Amino acid sequence: MTVMTRRDLLAAAGATVAGTMEARAQTTTDKTLIGAAKPKNLIYGAALATWQTDRDATLRRTFDRQCSTVVPEWEMKWGTIEATRGTRNYGAADRVVSFGASHGLTCRGHAAIWHRNLPKWVDAAMRDEGISVLATHISDLMTHYKGKIKSWDIVNEAIEPKDSQANSLRNSAFLQRLGPDYIGRAFTLAAEADPSIQGFYNEYGLYHNDSTDQARRTAVLALLEKLKSSGVPIYGLGIQGHLAMGRPFDASVFSTFLRQVANLGLKILITELDIDDRSLTQTVSERDRLVGERATKFLTAALSERAVEGVVTWGLSDKYSWLNNSVYQKRSDGTMNRCLPYDENFQTKPFWYSLYYAFKSAPLR
Ligand code: G3I
């Protein structure tokens, strides 16, 4: 049993302690995230983009030492695979799977059906040919990765209350061209192509204690209840976990939602965890402390629910986070968003310790 030193306790609570560098050095040499997660039968992984791992040996080493699974950040999306209809290029996505295989890591599939990153030809094709367009894509994708990928995000982000559609469904090309049943059909088509898969419905905005996320929780729960009662082969709910420090989090509200999902007989995976610190104006070390505290609160609530299978962070280092790579998400002060377990120099932060000690204290699955 690992005795938590005072330094560890404070670090896990997101505090900054004197001698942190020494604690980090000692901690990251003999403790790993997967070393804490695996004994509890929990998954820990991170999103991987080949343009990053191609150039960064430290990133490759960190995946190798800290993770049990990887997920392609963009390589496996429909728009990346089949920009031209009928020409399916799995090259980039295959490289993510083979990186995992060569490092003893499983790979998650992300994402079969998503309203973004869609090939330009899909909308007109669905208008003219209907569900067969989806069937061809899903069947080919599942067949290509049969025996290599078990855990899949089959449908991603199909709920959007702001679109004012029935059941708060997103007014996507899929809904417009195929009707609401496309969601259940996608899971059925995937299971027909590979009965061994674990198909997840993946969604964001299910964790903050405000009216926006409450509306999303209500809609997602109703969708899951409908899918389950219709006999759709859905395995679980992917809760993305793109937390924002500027929005409230209440552990009991989140725990209640997790329990409601689990009571449907579904598993849960935190699929894209990162913690946006744009709203914080304090010093870097104080921002890191506050992010670590939020991570501890969120992860303690999540991992206390035994239906939760583990955590995937949306990257490992701030250096490569989508929040620092896209124009719209950057911090107004021009500094890096410190949203992931490692900083841009791959130094562990309180977020890392929050993950480590949340795994260490989680109930065994
Ligand atoms: O398209 C280029 C490609 O030609 C080039 O070879 C490659 C390497 O330089 O970059 C590609 O650029 C961008 C790619 O990210 C690089 O990682 C794409 O244009 C850009 O659209 C893509 O953005 C990704 C986005 O999903 C859309 O796929 C983000 O990295 C990724 O973090 C983001 O992830 C989504 C999840 O899938 C779903 N949940 C929300 C999450 C954040 O938006």
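Each remark here, short or long, concerns the structure printed above.
What comes next is a walk through the structure. Remember, it's a predicted structure, so these values are computed and weren't measured experimentally.

1. Side note on the site of the ligand
Okay, step 1: Near the ligand you find 15 residues, and of these E73, K77, H110, N117 and E272 are the closest.
Okay, step 2: Interatomic distance of 3.0 Å between a side-chain N/O atom of W51 and an oxygen atom of the ligand.
Okay, step 3: Here H110 contributes a side-chain N or O atom positioned 2.7 Å from an oxygen atom of the ligand.
Okay, step 4: Contact with the protein chains removes 62% of the 780 Å² of surface that the ligand exposes when unbound.
Okay, step 5: Assessed atom by atom at 2 Å from the grid points, the ligand resides in the largest pocket.
Okay, step 6: Grouping the constituent residues of the shell around the ligand by class yields 5 nonpolar, 5 polar and 5 charged.

2. A short note on the pairing of strand β10 (residues 308-313)
Okay, step 1: When you tally the buried positions in β10, you get 6 out of 6 residues, the bulk of the element.
Okay, step 2: Note that strand β1 (residues 43-48) and β10 share 4 bridges and pair parallel. Each residue of the ladder has a partner; that of I43, found in β10, is G310.
Okay, step 3: Looking at chain direction, strand β9 (residues 267-276) and β10 are connected through 3 bridges and run parallel. Residue pairing for β10: I270 is matched across the bridge by V311.
Okay, step 4: Between β9 and its parallel partner β10, the chain crosses via helix α14 (residues 284-304), and the hand of that crossover is right-handed.

3. Concerning the nonpolar core
Okay, step 1: Of all hydrophobic cores here, the largest spans 104 residues; its most connected members are Y44 and Y201.
Okay, step 2: The residues contacting Y201, other than those within four sequence positions of it, are V155, E157, A158, I159, F187, V220, L223, L224, I234, G236, L237 and G238.
Okay, step 3: V71, F200, L269 and W314 belong to the second largest nonpolar core, which has 6 residues in total.

4. Quick notes on the packing of aromatic side chains
Each pair of aromatic rings is reported with the distance of its centres and the angle of its planes.
Okay, step 1: Evaluation of the coordinates by the stated rule reveals 16 aromatic pairs.
Okay, step 2: On the numbers, 6.4 Å between centres and 90° between planes, the contact of Y207 with F298 is edge-to-face. On the criterion of sequence distance, the pair formed by Y207 in the loop between β6 (198-203) and α12 (211-229) and F298 in helix α14 is long-range, its members being 91 residues apart. As far as the burial class goes, Y207 and F298 line up, both buried.
Okay, step 3: Linked through ring pairs, Y207, F249, F254 and F298 together constitute an aromatic cluster.
Okay, step 4: Cation over ring: R108 sits above F200, and NZ or CZ is 5.0 Å from the ring centre.
Okay, step 5: Across the ring face of Y204, the terminal group of R216 is positioned such that the distance to the ring centre comes to 4.1 Å.

5. Things to note about helix α9 (residues 132-144)
Okay, step 1: Between the first and last C-alpha of α9 there are 18 Å, a value that for 13 residues agrees with the 18 Å anticipated at 1.5 Å per step.
Okay, step 2: Burial in α9 covers these residues: V133, L134, H137, I138, L141 and M142. An end-on view of α9 places all buried positions within 145° of arc, on one side of the element.
Okay, step 3: Its buried side turned inward, α9 meets α6 (78-81), β4 (109-114), α8 (122-129), β5 (151-156), α10 (173-178) and α11 (182-193).

6. As for the layout of surface pockets
Okay, step 1: In this structure, the largest pocket encloses a volume near 870 Å³.
Okay, step 2: Forming the boundary of the largest pocket are 40 residues, of which R116, E157, H242, W322 and Q329 lie nearest the centre.
Okay, step 3: The residue makeup of the lining of the largest pocket, split by class, is 12 nonpolar, 14 polar and 14 charged.

Analysis parameters
Every chain's residues receive numbers from 1 upward, in the order its sequence appears when written. Where totals are concerned, whole chains, interfaces and linings use all residues; where local detail is concerned, this predicted model gives features only for residues with pLDDT of at least 70, and gives and counts side-chain atom pairs only at 80 or more. Each side-chain value is worked out from all heavy atoms of the structure, with water and hydrogens disregarded. Summary of the distance rule: residues count as near a molecule or strand when at least one heavy atom falls within 4 Å of that molecule or strand. Here a polar contact is taken to be a pair of N or O atoms separated by no more than 3.5 Å, where protein atoms must pair a possible hydrogen donor with a possible acceptor and residues adjacent in sequence count only if both atoms sit in side chains. Residue exposure ignores everything except the shown protein chains as possible cover, and the areas themselves are Shrake-Rupley values with a 1.4 Å probe. Of the grid points, spaced at 1 Å and generated over the protein atoms alone, those admitting a 1.4 Å probe that cannot get out make up cavities, while open sets with protein on both sides within 12 Å along at least five of seven lines make up pockets; any residue with an atom within 4 Å of a point is treated as lining. Grid points define the cavity or pocket, and a molecule sits in it when more than half of its atoms lie within 2 Å of them. Note that Gly is not counted as nonpolar here; it falls among the polar residues with everything else outside the nonpolar set of Ala, Val, Leu, Ile, Met, Phe, Trp, Tyr, Cys and Pro and the charged set of Asp, Glu, Lys and Arg. For the exposure calls, accessible area comes from a 1.4 Å probe over protein chains only, and a residue counts as buried if that area is under 20% of its type's maximum, exposed if over 50%, partly exposed in between. Strands are runs of DSSP state E lasting at least two residues, helices are runs of H or I lasting at least four, and both sets are numbered from the N terminus onward. For two strands to be treated as a pair, DSSP must find at least two bridges joining them. Handedness rule for crossovers: strands pointing away from the viewer, path from the first strand over the helix to the second running clockwise, crossover right-handed. Definition used in this section: a nonpolar core is a set of buried Ala, Val, Leu, Ile, Met, Phe, Trp, Tyr and Cys residues joined via side-chain atoms within 4.5 Å. Residues are treated as being in contact if the distance between any of their heavy atoms lies within 4.5 Å. Aromatic rings from Phe, Tyr and Trp, taking only the six-membered ring of Trp, are treated as a pair when their centres fall within 6.5 Å; an angle between ring planes under 30 degrees marks them as stacked, one over 60 as edge-to-face, and anything in between as tilted. In this analysis the charged atom, NZ for Lys or CZ for Arg, is taken to sit over a ring once it is within 6 Å of the ring centre and within 35 degrees of the ring normal. To estimate how far a helix should extend, the number of its residues minus one is multiplied by 1.5 Å. Arc definition: directions from the helix axis to the C-beta atoms. Grid points are joined across faces, edges and corners, and a volume is the space filled by probe spheres set on the points.

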